[in-house]
Amino acid sequence: MGMNLVQAWGQAKKRLEAAGLSGPVIDARLLVEAAADATRTDIVTDPYRPLTPEQEAKLEDYLARRVKREPVSHILGRKGFWKIMLRVTRDVLTPRPDTETVVEVALRDFPENAPWSILDLGVGSGAILLALLAERPAAKGLGIDASEEALAVARDNAAALGLAGRTALLRGDWTAGLADAAFDLVVSNPPYIATDVLETLEPEVKDYEPRLALEGGPDGLDAYRILAPEILRVLKPGGRFAVEIGYDQKEAVEALFRAAGAEDVRTIRDLADRDRVVAGAKKALGN
């Protein structure tokens, strides 16, 4: 006799717990929902609904992959971020709640109907840029990435969200070829993990996520040394920026932006109370 929804969830939890995985309750529920074509509400209101043999086989495949430390986002091919759902592959970073802090900070000084131009450097899946465009219907954005595979994922996400008409995506080397004073807002989640730290990360990151989007050089600051002066160059006078940082990089990244001429440089903490985003502005004309 086959399993029902609540049995499948319970057995999945036990299997993931036995494998030593963190967050087994949520992971198990997400995998059961996807395999059984069910919702969270279904598990509560119709817990004895049986799984078909095909659904049981799919769940078994999902669990076997998760036990090997493949991220749930890769298994399911999607991940929620801010208020949007994104397609995710091994060619892009899995969007994380920490990065939502960039969106939150950027929106604070972004009038709802302002026709701002946004630049997202290292756009990846499009998470930050598309979340901002979804919140600001008069804005337009340009996302740049060195990976054509990542850009393909971002294009799919922009189309799925109905944002392709306000989104341009280009392969490039950071700001190379961009005009001076072209954008109202620049955002970025650049690679910031020091090279020798990469191998100490959990397998879900070091074995499945693109190294290009993770490795920030010997001290993790290589990208910021390039980005600080370049972000100030491409910002319009009075324009703003917000960049994600590692938890221990506040002083170094703030110093790089101040040296580049940024004003109002500050660091914002994430929901875990760790330094997460350095933000600031380019000097306005007449100041």
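Overview of the structure. Since this is a predicted model, take the numbers as computed values, not measurements.

### Focus: the overall build of the chain
The secondary structure content of the chain amounts to twelve helices and nine strands. A globule of 287 residues ought to have a C-alpha radius of gyration of about 19 Å, and the chain, at 21 Å, matches this closely. Considering only C-alpha atoms, the chain reaches an extent of 75 × 40 × 35 Å along its principal axes. Sorting the 287 residues of the chain into buried and exposed places 51% on the buried side. Restricting to contacts in the chain with at least 6 residues of sequence separation, those with at least 24 account for 67%. Approximately 13500 Å² of the chain is accessible, and the part contributed by carbon and sulfur atoms is 52%. Here the chain carries 37 positive and 45 negative side-chain charges, and the mean point of each set is 2 Å from the other.

### Overview of empty space enclosed by the protein
One pass over the structure, following the stated rule, counts one cavity of 30 Å³ or more. Volume-wise, the largest cavity comes out at about 70 Å³. Every residue along the wall of the largest cavity is listed here: Val 105, Ala 106, Asp 109, Trp 116, Leu 185, Arg 240, Phe 241, Ala 242, Arg 266, Ala 279 and Gly 280. Among the elements of the structure, α6 (100–108), β7 (235–244) and β9 (275–281) are those that each provide at least two residues to the lining of the largest cavity.

### As for the packing of aromatic side chains
As enumerated under the stated definition, the model contains two aromatic pairs in all. Considering the side-chain rings of Phe 110 and Trp 116, the 4.2 Å spacing of their centres and the 20° angle between planes classify their relative orientation as stacked. Taken as a pair, Phe 110 and Trp 116 share a single burial class, namely buried. Sitting above the plane of the Trp 9 ring, Lys 13 keeps its charged end 4.6 Å from the centroid. Seen from the ring of Phe 110, Arg 136 lies directly overhead, with NZ or CZ sitting 5.5 Å from the centre.

### A look at the environment of Pro 229
Note on placement: Pro 229 falls in helix α11 (residues 222–234). Linking Pro 229 and Ala 262, residues 33 residues apart in sequence, is a C-alpha distance of 8.8 Å. When near neighbours in sequence (up to four residues on either side) are disregarded, Pro 229 contacts Tyr 224 and Ala 260.

### Things to note about the packing of α11 against helix α12 (residues 250–259)
Contact geometry of α11 with α12 gives a least axis separation of 8 Å together with a crossing angle of 35°. By crossing handedness, the relation of α11 to α12 is classed as right-handed. Taking contact as the criterion, the partners of Tyr 224, Arg 225, Ala 228, Ile 231 and Leu 232 in α11 are, on α12, Val 253, Leu 256 and Phe 257. When the residues that make up the contact of α11 with α12 are grouped by side-chain class, the tally is seven nonpolar, no polar and one charged.

### Side note on the pattern of salt bridges
The final tally for this structure, using the stated rule, is 32 salt bridges. For Arg 225, the salt bridge goes to Asp 222, with nearest N and O atoms at 3.3 Å. Separated by three residues within a single helix, Arg 225 and Asp 222 lie in helix α11, roughly one turn from each other. Among the residues examined, Arg 225 registers a relative accessible area of 41% and is labelled partly exposed.

### Looking at the sheet that holds strand β5 (residues 167–171)
Judged by pairing direction, the sheet is mixed, and its seven strands sit side by side in the order β5-β4-β3-β6-β7-β9-β8 without closing on themselves. Every interior strand has two partners, whereas the edge strands, β5 and β8 (263–269), have only one. On average, each strand axis in the sheet is inclined to that of its neighbour by 15°, with strand direction left out of account. Relative to strand β6 (residues 183–188), strand β3 (residues 117–121) runs parallel, the two being bridged by four bridges.

### Regarding helix α4 (residues 53–67)
Within an α-helix, residues lying three or four positions from one another point in the same direction, as the helix has 3.6 residues per turn. The end-to-end C-alpha distance of α4 is 21 Å, a good match for the 21 Å that 15 residues give at a rise of 1.5 Å each. Buried within α4 we find Gln 55, Leu 59, Tyr 62, Leu 63 and Arg 66. When α4 is viewed along its axis, its buried side chains cluster within an angular range of 95° and face the same direction. For α4, exposure combined with an orientation more than 90 degrees from the buried face picks out Pro 53 and Glu 54. Next to the buried residues of α4 lie α1 (5–18), α2 (24–36), α5 (72–76) and α10 (203–206). Looking one or two residues beyond α4, the residue adopting positive phi is Arg 69, at roughly 80°.

Rules behind the numbers
Residues numbered from 1 in each chain as written. Predicted model: local features only at pLDDT ≥ 70, side-chain atom pairs only at ≥ 80, totals over all residues. Heavy atoms only, no water. Helix = DSSP H or I, 4+ residues; strand = E, 2+ residues; numbered from the N terminus. Rg over C-alpha atoms; globule rule 2.2 N^0.38 Å. Buried < 20%, exposed > 50% of the residue type's maximum accessible area, 1.4 Å probe, protein only. Contact = heavy atoms within 4.5 Å. Areas by Shrake-Rupley, 256 points an atom, 1.4 Å probe, with all protein chains shown as cover. Lys, Arg positive; Asp, Glu negative; His and termini not counted. Charge placed at Lys NZ, Arg CZ, Asp CG, Glu CD. 1 Å grid on protein atoms, 1.4 Å probe; cavity = no way out; pocket = protein on both sides within 12 Å on 5 of 7 lines; lining within 4 Å. Points joined across faces, edges and corners; volume = space filled by probe spheres on them. Phe/Tyr/Trp six-rings, centres within 6.5 Å; stacked < 30°, edge-to-face > 60°. Lys NZ or Arg CZ within 6 Å of the ring centre and 35° of its normal. Axes fitted to C-alpha atoms, helices over the stretch in contact; angles between N-to-C directions. Left-handed = near helix turned anticlockwise from the far one by under 90°. Nonpolar A, V, L, I, M, F, W, Y, C, P; charged D, E, K, R; others polar. Salt bridge = Lys/Arg side-chain N within 4 Å of Asp/Glu carboxyl O. Pairing = 2+ DSSP bridges. Expected span 1.5 Å × (residues − 1). Arc of directions from axis to C-beta.

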